[in-house]
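# Survey of secondary and tertiary structure
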Amino acid sequence: MPEITYLEAIRQGIWEELDRDSNVVMLGEDIGGYGGAFRVSSGMIDHFGTGRIIETPICESGFTGAAIGLSFMGYRPIVEMQFIDFISCAFSMITNFAAKLRYRWGASVPIVVRGPSGAGVRGGPFHSQSVEMFFAHTPGLKIVVPATAADAKGLIKASIRDPDPVIYLEHKYLYRRIKENVPPGDWTVPIGKAAVRRTGRDLSVITYGAMVHVALEAAGLLEKEDISMEVLDLRTLLPLDRESILATVRHTNKVFVLHEDTRTCGIAGEIAAIINEEAFEDLDGPVLRVTAPDTPVPYSPPLEEFFLPKVSDVVAVARKLVAY
Amino acid sequence: METKVIMPQLGESIAEGTVTKWFKKPGDKVGRDEPLFEVSTDKVDSEIPSPAAGIVTRILVEEGKTVAINTAVAVIETEPAAVAAPVAPSPTAAPVAPAAHPAPAITTEVDKKPAAEVRSSPLVRRIAREKSVDLSSVTGTGAGGRVTKKDILGAIEKPAAVPQTVPPLPSLRPAQPAVVVAGALGAERRETMSTMRRAIADHMVMSKRVSPHVTTVFEVDLTAVNRSREAAKESFKNREGFPLTYMPFIAMATVRALKKHPVVNSSVDGTDVVYKEYVNLGIAVALEGGGLIVPVIKNADERNFLGLARAVRQLADAARTKKLTPADVQGGTFTITNPGVFGSLFGTPIINQPQTAILGIGVIEKRAVVIEDMIAIRPMVYLSLSFDHRVIDGALADPFMADIKKALENWEDQ
Amino acid sequence: MTNERLLEIYRFLLLNRLFDERLQKLYRQGKVVGGLYASTGQEAISVGSALTLQPGDFIGPMIRNVGSLLVRGVDPKDVIRQYMARATSPTGGRDGNLHFGDITKGIIGPISMLGSQIPVLAGVALGMKLRGRPNVALVYTGDGGMSMGDFHEGMNFAAVMKAPLVVILENNGYAYSTPTTRQMTVSSLADRAPAYGLERITIDGNDVLQVYDTVGAAVAKARAGGGPSMIECMTFRMRGHAEHDDMAYVPKEELEQWRAKDPILRFECVLVERAVADAAECDRIKESIRHQLEADFDSVDTEPFPDGSSCLGGVYA
């Protein structure tokens with residue numbers, strides 16, 4: 001089994017699902033002959049044709065609405081946002097139309113809205129955002145955030161098969177930076193299940209997306225100081241895997257949350273609240289947060305580096321929490 | 001059958017309506033959907049059709065009156081022949097929902113009595129509750145002295161922890177029988193400390209942590225005291241029934257010096273120094289089988305020599321026969337301890353908190369001393385004073401000691 | 001057109017009108033929960049357009065297209081249940097009025113955000129085309145909805161995809177209280193059609209036969225793979241935006257002018273002219289529908305409200 005990139009894992013997952021189920025279609029801008037801005041759909045239109053790979057005008061709300069309509073006709077559409085930042089243009093279509101259909105009159109909307117998310121590539125304020133919390137407050141949606149190539153493939157396949165609307169946030173920083181063996185065959189990863197990426201004894205960091213790699217690097221450094229840090233990769237933000245969150249709290253008793261998203265009303269706040277409600281008496285210290293500051297994502301390298309949580313930030317907070 | 005006519009909600013944001021006109025009066029017949037009354041809201045004026053056919057029996061809201069939506073405004077007695085349209089349940093009368101929002105699962109009781117001023121964590125408090133550990137007895141190594149998970153787990157693994165508060169009359173009985181076990185280097189006997197031992201241990205540690213101790217030692221010639229004691233010894237014994245010891249002399253000299261140097265008779269409270277106008281003199285008594293207790297002579301400064309001598313004797317007896325009351329061991333302002341009875345030359349005693357100093361008496365023995373370039377044999381004693389350097393400097397402590405020395409060496413002058 | 005078809009049209013027009021009237025009374029009796037959005041005066045558009053559809057076709061109604069739903073086989077009691085917020089309603093009380101759908105009947109209920117229906121029904125139409133089915137999607141919007149971005153995105157998408165979508169533009173004079181002249185500067189909604197490469201079509205929306213014929217032609221074109229159409233139907237909203245609205249902003253003369261063009265009165269003239277029915281027959285049909293509707297409303301009125309806790313669940317599969 002050769003190593004493949006995170007990007008290739010997504011492409012393979014979509015390809016396999018297009019192959020497996022003729023109801024799977026993809027809509028988006030420049031996804032035809034060009035293969036998509038990041039080449040996720042490279043080669044697909046030649047193989048599957050224009051009836052499956054539907055290149056659209058620039059209209060995020062329009063083609064997201066059309067994907068909802070296609071799902072009424074029995075399709076399982078994948079909607080590509082060229083950059084996930086543009087998903088805001090389809091906000092009402094996702095939160096008002098797609099998310100509420102099952103609740104209102106029982107209609108299933110098996111769409112996947114996916115696109116490159118996150119910072120670290122000098123994209124500036126409109127090509128670097130973390131949009132998860134725009135949607136995490138909307139019942140009816142699911143949000144997945146793969147951090148590894150295996151998860152990228154397993155989760156895209158699970159998302160396509162899911163009967164509810166799923167927002168699949170792929171981190172563009174990871175696209176070609178990580179490479180790994182992906183389990184062979186029809187590999188899926190269940191939505192709503194977190195994964196312990198590294199076990200630890202003294203404290204836990206709960207994180208997701210690109211920050212999983214930052215957390216793992218920090219854990220390696222902390223080990224040299226005899227600090228053993230557990231790393232929990234959430235993988236799904238909605239619904240949250242409360243059991244795994246509480247399990248790591250009960251295991252190490254000291255927890256902090258790390259995310260690239262900005263601080264106020266980031267998922268860390270929700271996780272802290274869950275721990276407070278359900279595992280208060282398992283805490284041997286406060287639930288801390290390591291996050292980006294409350295600003296848009298800036299462009300210039302020194303600014304963006306300042307903005308993003310770093311390994312040194314994680315190490316510093318871990319030391320502080322261990323000493324607490 | 002009666003049908004209630006209600007004030008309709010004429011618009012989503014409308015909460016009330018005003019009846020502007022009744023088209024029917026009580027006793028009138030009304031047809032279904034026949035205009036019955038007129039309503040005015042801040043959005044619209046509307047004619048309201050009757051919900052049922054029948055006789056208007058009562059008008060409940062007069063013209064000009066404003067009532068909340070869904071309020072009954074009239075009653076219609078429907079004709080028996082009329083289609084029996086059951087009255088719709090009003091939306092407001094919809095079945096009461098069970099709690100839709102589950103309360104957060106709080107499964108634990110709140111600690112009724114939080115451990116005294118000990119910083120810890122929710123986890124540590126839970127473990128303390130479950131394992132019956134007094135948190136105040138666990139030494140915290142976390143930030144700001146916080147008791148961490150490691151600390152309490154360590155304390156549970158090791159022998160039981162020590163309570164901070166000193167029980168007035170602790171039992172000497174060990175909490176558990178001694179156990180002889182094979183240690184790494186041979187047989188060892190492990191036994192849990194008695195309650196008193198734990199109290200003492202904790203108090204000593206606390207005192208050493210709280211007060212920077214400095215000890216100063218003075219040598220005192222007891223020739224004058226001895227002369228006075230020898231002279232009174234016989235008659236004293238006959239009169240009081242117990243021997244006259246050196247203690248009342250030293251106590252007397254100490255009390256007087258304390259009156260002259262109030263800082264030595266003080267205590268520290270936060271950033272305040274509390275000077276005591278009274279002298280409650282504690283005298284440490286070693287107990288048989290180990291342990292130590294400090295009965296207190298209340299208002300020692302108001303007693304004469306004989307009164308002091310009697311009090312010393314009385315409290316020492318009570319201590320040894322375990323007849324002290326809690327009041328007898330509380331409220332001391334200064335303490336005298338006497339390691340000399342065991343032969344110690346002098347001690348460096350630990351301050352009995354929250355006092356600021358303690359006087360130790362060494363062994364009284366004849367020594368060769370030089371007096372005016374001649375060697376003389378004199379009954380001598382070393383008096384040591386451990387004092388709290390936070391509030392007492394050497395320049396304050398030594399004059400206090402010098403005064404005691406002077407009083408004792410010139411006893412006849414008193 | 002056969003006499004039976006003409007009478008069918010008449011019965012649906014009346015059902016639409018009398019249904020609204022019955023609801024207006026119930027609203028004043030406090031039995032309608034929330035707002036009531038009447039279609040009085042616009043019945044010919046809903047009925048005339050929906051009658052052109054065949055099984056397998058889809059519609060995306062607006063809030064006032066109850067006539068379209070009734071034509072497409074929705075039980076009037078289900079709409080009553082929606083308005084009365086009963087447990088038995090298609091949404092179990094979770095949503096009201098025409099905010100429900102039924103995929104098996106080809107009905108995609110609207111949401112309150114105007115314009116959203118256009119992209120969604122464009123997607124439905126694209127799906128029909130991709131599946132090679134000879135079906136069409138019919139969607140309604142109006143002078144207000146056209147001001148929204150989703151209208152443009154959906155219309156443009158459908159045009160680019162050559163999707164079998166027929167868009168009915170109901171120009172009823174007012175979007176809530178805002179007249180069409182304050183929604184746009186073009187003189188007709190149809191003026192926008194060329195922007196999507198479409199023909200400019202404006203018809204008399206109060207002439208049910210003209211609606212039926214014109215929409216029928218557009219539906220046939222779409223069914224044959226000719227792509228989308230948009231049709232402006234001139235009409236007038238004879239009641240307020242919702243029942244709480246007394247329409248003080250509408251000039252009396254304008255209202256009177258349109259009252260004279262009432263689509264049902266006009267169609268009754270056609271029936272009499274063509275000797276399909278006389279006045280007495282019309283009254284008889286009216287009474288029978290009224291009677292049936294009263295029975296329906298009385299029956300729904302006995303049905304329970306939902307249990308509060310049924311608010312939970314059903315968010316996900």
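The structure presented is a predicted model; accordingly, all values stated were derived computationally and were not measured. (Residues numbered from 1 in each chain as written. Chains lettered and ligands numbered in written order. Predicted model: local features only at pLDDT ≥ 70, side-chain atom pairs only at ≥ 80, totals over all residues. Heavy atoms only, no water.)

Attention now moves to the overall build of chain A. Of the regular secondary structure elements, chain A holds eleven helices and 14 strands. The C-alpha atoms of chain A give 19 Å as radius of gyration, which agrees with the globular expectation for 324 residues (20 Å, within 12%). Seen through its principal axes, chain A has C-alpha atoms that stretch 60 × 40 × 40 Å. In chain A, which comprises 324 residues, the share counted as buried stands at 63%. Long-range pairs, those at least 24 residues apart, make up 83% of the contacts in chain A between residues at least 6 apart in sequence. Entry remark: accessible area of chain A is about 11,200 Å², with carbon and sulfur atoms responsible for 55%. Measuring between centres, the 32 positive side-chain charges of chain A sit 1 Å from its 41 negative side-chain charges. (Helix = DSSP H or I, 4+ residues; strand = E, 2+ residues; numbered from the N terminus. Rg over C-alpha atoms; globule rule 2.2 N^0.38 Å. Buried < 20%, exposed > 50% of the residue type's maximum accessible area, 1.4 Å probe, protein only. Contact = heavy atoms within 4.5 Å. Areas by Shrake-Rupley, 256 points an atom, 1.4 Å probe, with all protein chains shown as cover. Lys, Arg positive; Asp, Glu negative; His and termini not counted. Charge placed at Lys NZ, Arg CZ, Asp CG, Glu CD.)

Looking now at the confidence of the model for chain B. As a general rule, the predicted coordinates of low-pLDDT regions are not to be interpreted in detail. All names here are of chain B. Residues at a pLDDT of 70 or more form 84% of chain B, whose mean pLDDT is 82. With pLDDT under 50 throughout, residues 91-100 is counted as low confidence; its partners more than four residues away or in other chains account for 13 contacts. With a pTM of 0.71, the predicted complex shows an ipTM of 0.94. (pLDDT = per-residue confidence, 0-100.)

Turning next to the sheet that holds strand β2 (residues 137-142) of chain C. Strand pairing in a sheet takes place through backbone hydrogen bonds and is either antiparallel or parallel in direction. Residues and elements named next belong to chain C. Pairing is parallel across the open sheet formed by five strands, whose spatial order is β1-β2-β3-β7-β6. Every other strand in the sheet has two partners, leaving β1 (58-60) and β6 (202-204) as the edge strands with one partner each. Within this sheet the neighbouring strands show an average axis-to-axis angle of 25°, counted without direction. By the bridge criterion, six bridges tie β2 to strand β3 (residues 165-171) in an arrangement that is parallel. In the sheet register, Val139 faces β3, and the bridge partner there is Val167. This element, helix α2 (residues 43-50), spans β2, β3 and β7 (229-234) of the sheet and lies at about 165° to β2. (Pairing = 2+ DSSP bridges. Axes fitted to C-alpha atoms, helices over the stretch in contact; angles between N-to-C directions.)

Turning next to the pairing of strand β6 (residues 54-59) of chain B. All names here are of chain B. Relative to β6, strand β3 (residues 29-30) runs antiparallel, the two being bridged by two bridges. The partner of Lys29 across the bridge, within β6, is Ile55. Both β6 and strand β8 (residues 72-78) contribute to a ladder of five bridges, which runs antiparallel. Counterpart to Ile55 in the pairing with β8 is Glu77.

Let's shift gears to the packing of helix α4 (residues 76-83) of chain C against helix α10 (residues 279-301) of chain C. Residue and element names in this part refer to chain C. Two elements in contact, α4 and α10, have axes whose closest approach is 10 Å; the angle formed by their N-to-C orientations is 45°. Viewed along their axes, α4 and α10 adopt a mutual orientation that is oblique. In this structure, the crossing between α4 and α10 has a hand that is right-handed. Residues Pro76, Lys77, Ile80 and Arg81 of α4 pack against Asp296, Phe297, Ser299 and Val300 of α10. (Parallel < 35°, antiparallel > 145°, perpendicular 65-115°, else oblique. Left-handed = near helix turned anticlockwise from the far one by under 90°.)

Below, the discussion takes up helix α1 (residues 6-20) of chain A. Spanning 15 residues, α1(A) covers 21 Å between terminal C-alpha atoms, matching the ideal 21 Å at 1.5 Å per step. Along α1(A), the residues that are buried comprise Tyr6(A), Leu7(A), Ala9(A), Ile10(A), Gly13(A), Ile14(A), Glu17(A) and Leu18(A). (Expected span 1.5 Å × (residues − 1).)

Residue and element names in this part refer to chain B. Segmenting chain B into domains produces domain 1 (2-82), domain 2 (117-168 + 188-210) and domain 3 (213-413). Once you take the C-alpha centre of each, domain 2 and domain 3 turn out to be 33 Å apart. Contacts between the two partners involve ten residues from domain 2, matched on the other side by twelve residues from domain 3. Interface area for domain 2 against domain 3, summed over the two sides, is near 930 Å², with a carbon-plus-sulfur share of 66%. The interface formed by domain 2 and domain 3 includes four residue pairs in polar contact (both at pLDDT 80 or more). For the side of domain 2 that touches domain 3, the per-class residue count stands at six nonpolar, two polar and two charged. (Domains from an automatic or database assignment. Buried area = accessible area lost by both parts, 1.4 Å probe. Polar contact = N/O pair within 3.5 Å; in protein donor to acceptor, adjacent residues only side chain to side chain. Nonpolar A, V, L, I, M, F, W, Y, C, P; charged D, E, K, R; others polar.)

Residue and element names in this part refer to chain A. Applying the stated criterion across every chain yields a total of two cavities of 30 Å³ or more. Estimated volume of the largest cavity: approximately 110 Å³. Surrounding the largest cavity, 15 residues form its lining, Ser117, Glu132, His171, Tyr208 and Gly209 being those nearest its centre. A per-class count over the lining of the largest cavity returns seven nonpolar, five polar and three charged. (1 Å grid on protein atoms, 1.4 Å probe; cavity = no way out; pocket = protein on both sides within 12 Å on 5 of 7 lines; lining within 4 Å. Points joined across faces, edges and corners; volume = space filled by probe spheres on them.)

By the definition in use, this model includes 66 salt bridges over all chains. In this structure, the salt-bridge partner of Asp164(A) is Lys142(A), at a minimum N-O distance of 3.9 Å. Of this pair, Asp164(A) sits in the loop between α6 (149-161) and β7 (166-171) while Lys142(A) sits in strand β6 (residues 142-144), and the two are 22 residues apart along the sequence. Here Asp164(A) matches Lys142(A) in class, with each residue buried. Between Asp28(B) and Lys25(B) there is a salt bridge; the shortest N-O distance is 3.6 Å. Classification of Asp28(B) by relative accessible area gives partly exposed; the value is 21%. The exposed category is assigned to Lys25(B), whose relative accessible area is 53%. Among the ionic contacts, a cluster of salt bridges with common partners joins Glu16(A), Glu17(A), Arg20(A), Lys153(A), Lys157(A), Arg161(A) and Asp186(A). (Salt bridge = Lys/Arg side-chain N within 4 Å of Asp/Glu carboxyl O.)

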